[in-house]
Amino acid sequence: MSLYSTEQTVFFVDDDAALRAANVQTLELGGLKVEAFADASAMLPRIATDFSGVVVTDIRMPGMDGLELRAAIHAIDPDIPVILITGHADVAMAVRALHDGAFDFLAKPFASDHLLGAVRRALAHRGLILDNRRLTATVAAIDSPLIGESPAMQRLRETIAQLAQADIDVLIEGETGTGKELVAHMLHRQSRRSAASLVAVNCAALPHDLAEAELFGSDLVDRATGKRGQAGRIRSAHRGTLFLDEIDTMHAGVQAKLLRVIEEREVQPIGASEPEPVDLRIVAATKIDLMDAVRGGAFREDLYYRLHVVKLRIPALRERRGDIPQTFAYFLGEAAEKMGRTGFQIGDAVRRHLVEHDWPGNVRELKNFAYSVVLDLPTDAPLAGMSDTAPLGERIRNFEAAIIRDTLCETHGDIAATVVRLKIPRKTLYDKLNRHGIDPKAYRT
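Predicted, not measured: the structure shown is a model, and the values here were computed from it. (Residues numbered from 1 in each chain as written. Predicted model: local features only at pLDDT ≥ 70, side-chain atom pairs only at ≥ 80, totals over all residues. Heavy atoms only, no water.)

1. Topic: the overall build of the protein
Part 1: A tally of helices and strands in the protein yields 18 helices and 12 strands.
Part 2: Evaluated residue by residue, the protein yields a buried proportion of 47% over its 445 residues.
Part 3: Of the contacts formed within the protein by residues at least 6 apart in sequence, a portion of 71% connects residues at least 24 apart.
Part 4: A total accessible area of about 21,800 Å² is found for the protein, and carbon and sulfur atoms account for 52% of it. (Helix = DSSP H or I, 4+ residues; strand = E, 2+ residues; numbered from the N terminus. Buried < 20%, exposed > 50% of the residue type's maximum accessible area, 1.4 Å probe, protein only. Contact = heavy atoms within 4.5 Å. Areas by Shrake-Rupley, 256 points an atom, 1.4 Å probe, with all protein chains shown as cover.)

2. Quick look at the sheet that holds strand 8 (residues 241-245)
Part 1: A sheet is described by the order of its strands in space; here five strands give the open sequence 7-8-11-6-12, paired in parallel fashion. Since the sheet does not close on itself, it has two edges, and those belong to strand 7 (198-202) and strand 12 (310-313), each with one partner. For this sheet, the mean inter-axis angle between neighbouring strands, taken without regard to orientation, is 20°.
Part 2: Summarising the sheet, strand 6 (residues 170-173) and strand 11 (residues 281-286) pair through four bridges and their orientation is parallel. Residue pairing in the sheet places valine 170 in a bridge with valine 283 of strand 11. (Pairing = 2+ DSSP bridges. Axes fitted to C-alpha atoms, helices over the stretch in contact; angles between N-to-C directions.)

3. Overview of the nonpolar core
Part 1: Counting residues in hydrophobic clusters, the biggest one holds 33 residues, and the most contacted among them are Leu215, Ile234, Leu244, Ile247 and Phe299.
Part 2: For this core, the secondary structure elements donating two or more residues are strand 7, helix 8 (208-216), strand 8, helix 10 (252-264), strand 11, helix 11 (290-295) and helix 12 (301-307).
Part 3: Tallying contributions element by element places helix 10 first for this core, with five residues.
Part 4: The contact partners of isoleucine 234, leaving out residues within four places of it in the chain, are Leu215, Phe216, Leu242, Val261, Val267, Val278 and Leu280.
Part 5: In this structure, Ile59, Met61, Ala94 and Ala97 belong to the second largest nonpolar core, which totals 20 residues. (Core = buried A, V, L, I, M, F, W, Y, C linked by side-chain atoms within 4.5 Å.)

4. A word on the side chain of aspartate 58
Part 1: Among the structural elements, aspartate 58 can be located in strand 3 (residues 54-58).
Part 2: With a relative accessible area of 6%, aspartate 58 lands in the buried category.
Part 3: A distance of 3.4 Å separates polar atoms of two side chains, one belonging to aspartate 58 and the other to lysine 108.
Part 4: With residues near it in sequence (within four places) discarded, aspartate 58 still touches Val13, Asp14, Asp15, Gly66, Ile85 and Lys108. (Polar contact = N/O pair within 3.5 Å; in protein donor to acceptor, adjacent residues only side chain to side chain.)

Structure follows, in structure tokens:
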């Protein structure tokens, strides 16, 4: 199902009036919106990159045939699913078309439930493609959502770029709020699968009694509505990426079925007589050390090693404190733009909190704090009266470093402007930069 409310339509193309009418009736009885066309030339002008539906077309037609139509649609948008209807003699031709990008084919004669099943899968796939495009567009202006120039973050970005092209399964470990979902999206967007969908599943939010149908799908027919069950998240991720967040919370019974999906790259929906092949990449995430769950008997050891082809660990914010000012400045700018607030002041209490707080909620907590500062809202942070057991000299050094980093953020790393704002000689600033290990280049945009 799409996150958006765009109504999806099936374009059905067949020059045989009787067969066209029968198949359109099948689709409409299945609850789908259908538009019928007697030839390809009448339908093709209706196709655009924002077309939210799918195309079902016979191969053998006068004028432009189904294969030529598929190629023309592919030229407009390669992610529009095209389902081919073929006679027995054309099956080999249809198989070649699958390799060229056709979504599926149906060999005549085919059962009505096979047509409905193929079309529903194609519609779900198209909806996820469009969702992914809209979500990607919202972050298009950001080079990377992983902010920070610490060695740990630079290595993380480099590793993501390498792993994205490798097309192997990845296990992401990181505390709450470190950005595990952002890393999953980066792995997908930088991969060869980026044109297809990233399907995200929060395993902790899956009700146990519905988890199997939600993940693996169901081919059972609802007695009340007469409609076939859902495609399932795994089938919807076909040709794309399946992101399993909080994998450590997955129920043992579901773990066993997931193991087969990973091993065989096939899924058997509830009620299906045989499994279906799926082409997908699996990215799993956990906020705990998954091996601890294995030792405690809460997670299958064989599943752990199947997921753990490569492990990617996201460092906690307290492990890279030098990134805090730059990250905080980014979220301040974001909040100020969204809320239309200018002229707010960052007091010493805020600076001190940035230096002294451990940030157990990591980047998510830091972002919330930035929004509270911009809106001048009360926070849970005891800004005015924090206690600290660190020696006075260490506290002064940390506070001085925070002020320098904060000023570099404001000046975008401009040394001349920073000297003017801090009212210190240039040589003194360079001495302090060296002493605190601060690189002004990291703040330049």
